[in-house]
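# Architecture at a glance
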Amino acid sequence: MDTEILYLFKDVGDKYLSGEDICKKFNISRSAVWKHIEKLRKTGYNISAVPHLGYKLVGLPDNLLADDIKYKLKTKIIGKNIVSFLHVESTNDTAYSMAEKNAKEGTVVIAQKQSKGKGRLGRKWLSDKGGIYLSCILRPDKRPDQVQEFTLFTALSVVDAIKQTTGVQADIKWPNDIFIDGKKVCGVLTEMKAQPDKIDFIVVGIGINVNNDVHLDTSVSLKGKTGKKICAIDLTRNLLCNIEREYEIFTKKGFKDIREKIKKVSYTIGKHVQVDMYGKTYKGKAVDIDPQGALVIKMKNGKRQKVISGDVHLS
Ligand code: BT5
């Protein structure tokens, strides 16, 4: 009922709703209306009340709440179930344990803060309030060796969402970093549970610096880049729509079209790089992303080397 009343406020936009209108619409008493309004206020919604006019929603909570993201969200699978937390250790860990307990494909876990935000290989992800920290559960009919492709189409979804919401063109530093002007605005962490030749589930985790300050020389936030507070709800909604679109393309057509789009927004291609993979170091010019999502490096001796995972350093 709280959600339905909230959505009614959102539907009428700038107009007032009288207590009587709400009573009639939901067939509840005046005191029940008042209780629901108080509950919404406690959650952080700013609802003004004016005698003879009624109630009006004048401000949303600072937090990214499931109800606000789901309002008019036009997806069929991704984000149909959203669980929002004020604080978790890691949204990836929460989503992973939910997936183990059979949470549906498309379930999204989102938190305002993480105390143990994870990067790859045991690294940390700084997760102060103001950023977006979300993880999405997928149950694809794909092989475990295709996992990199999930990271890449998720990264592409982030680049598109940033462009749609802020107008800023970001690019992808292969495989999982989103950059703006050479600084990291977002990281993607893909984890999975799999059998040798079948994926049970995938958790794609996304951390975006939105309205938070990140105190690293190598990082940037969207607020820092644009000088404006960014609507994190719009950004999240765009992101979920994009993930659904790219996931559908990936499921139906494979990686081909996604690869072409990724190459267009690649920060890495054309640059001289050094990559450490499985204890070996490869140096050369990044020239391509191959049909499986691997980075292709042309080395000094002319040989083309495929890199399937690893950290890329510009040299
Ligand atoms: C990543 O790892 O970039 C993946 C980050 C994924 C974070 C999301 S948040 C939601 C979900 N839940 C989680 O627990 N994780 C995911 P990697 O490529 O290993 O990069 C980590 C490195 O990025 C760190 O060692 C720092 O140098 C840098 N870094 C840490 N926090 C950052 C931030 N907020 N902004 C920019 N750079 C950061």
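Refer to the preceding data block for the structure.
Throughout this description, residue numbers start from 1 for each chain and increase along the sequence as written. Given that the model is predicted, a residue must reach a pLDDT of at least 70 before its local features are reported, and side-chain atom pairs must reach 80 or more before they are shown or counted; all residues, however, enter totals for whole chains, interfaces and linings. Each side-chain value is derived from all of the structure's non-hydrogen atoms; neither hydrogens nor water enter the calculation.

The nonpolar core is taken to be a set of buried Ala, Val, Leu, Ile, Met, Phe, Trp, Tyr and Cys residues, with the residues joined through side-chain atoms within 4.5 Å. Three labels apply to residues, based on accessible area from a 1.4 Å probe with only protein chains included: buried if under 20% of the type maximum, exposed if over 50%, partly exposed otherwise in between. Counting 63 residues, the largest nonpolar core has Ile132, Leu138, Phe150, Ile162, Ile178 and Ile208 as its most contacted members. Residue contacts for Ile162: discarding those within four places in its chain leaves Gly167, Val168, Ala170, Ile178, Val185, Leu222 and Leu235. One finds Phe9, Phe26, Val33 and Leu40 within the second-largest nonpolar core, a separate group that totals 16 residues. Note on contacts: a residue pair qualifies if any of its non-hydrogen atoms lie within 4.5 Å across the two residues.

Turning to the packing of aromatic side chains, a few remarks are in order. Aromatic pairs are defined between Phe, Tyr and Trp rings, using the six-membered ring for Trp, whenever the two ring centres lie within 6.5 Å; interplanar angles under 30 degrees are classed as stacked, those over 60 as edge-to-face, and all others as tilted. Inspection of every chain in the model, using the stated rule, returns nine aromatic pairs. Aromatic pair Phe150 and Phe153: ring centres 5.5 Å apart, planes at 50°, arrangement tilted. Of this pair, Phe150 and Phe153 both sit in helix 6 (residues 147-166), three residues apart, roughly one helical turn. Using a relative accessible area of 0% as the deciding quantity, one classes Phe150 as buried. Through successive ring pairs, a cluster of aromatic residues spans Phe150, Phe153, Tyr247, Phe250 and Phe255. A helix here means a DSSP run of H or I that spans at least four residues, while a strand means a run of E at least two residues long, and both kinds are numbered starting from the N terminus.

When you line up the elements, Glu244 lands in helix 8 (residues 232-253). Note on charges: Lys and Arg go in the positive column, Asp and Glu in the negative column, and His and the chain ends are not counted at all. A pairing counts as a salt bridge when a side-chain nitrogen of Lys or Arg comes within 4 Å of a carboxyl oxygen of Asp or Glu. One buried charged side chain, Glu244, makes no salt bridge at all; its nearest oppositely charged neighbour is Lys76, positioned 4.7 Å away. Polar contacts involving the side chain of Glu244 include one to the main-chain amide nitrogen of Ile77, which spans 2.8 Å. Not counting residues within four places of it along the chain, the set of residues in contact with Glu244 comprises Thr75, Lys76, Ile77 and Ile78. Any pair of nitrogen or oxygen atoms within 3.5 Å is treated as a polar contact; in protein, a donor-acceptor pairing is required on top of that, and neighbouring residues in sequence qualify only through side-chain atoms on both sides.

Moving on to the site of the ligand. Being near a molecule or strand, for a residue, comes down to having at least one heavy atom within 4 Å of it. Taken together, 27 residues are adjacent to the ligand, and Ser90, Lys118, Arg120, Arg123 and Lys184 come closest. A distance of 2.9 Å separates a nitrogen atom of the ligand from a polar side-chain atom of Asn209. Under this grouping Gly is polar, as are all residues other than the nonpolar Ala, Val, Leu, Ile, Met, Phe, Trp, Tyr, Cys and Pro and the charged Asp, Glu, Lys and Arg. For the shell around the ligand, the residue count by class is eight nonpolar, 13 polar and six charged.

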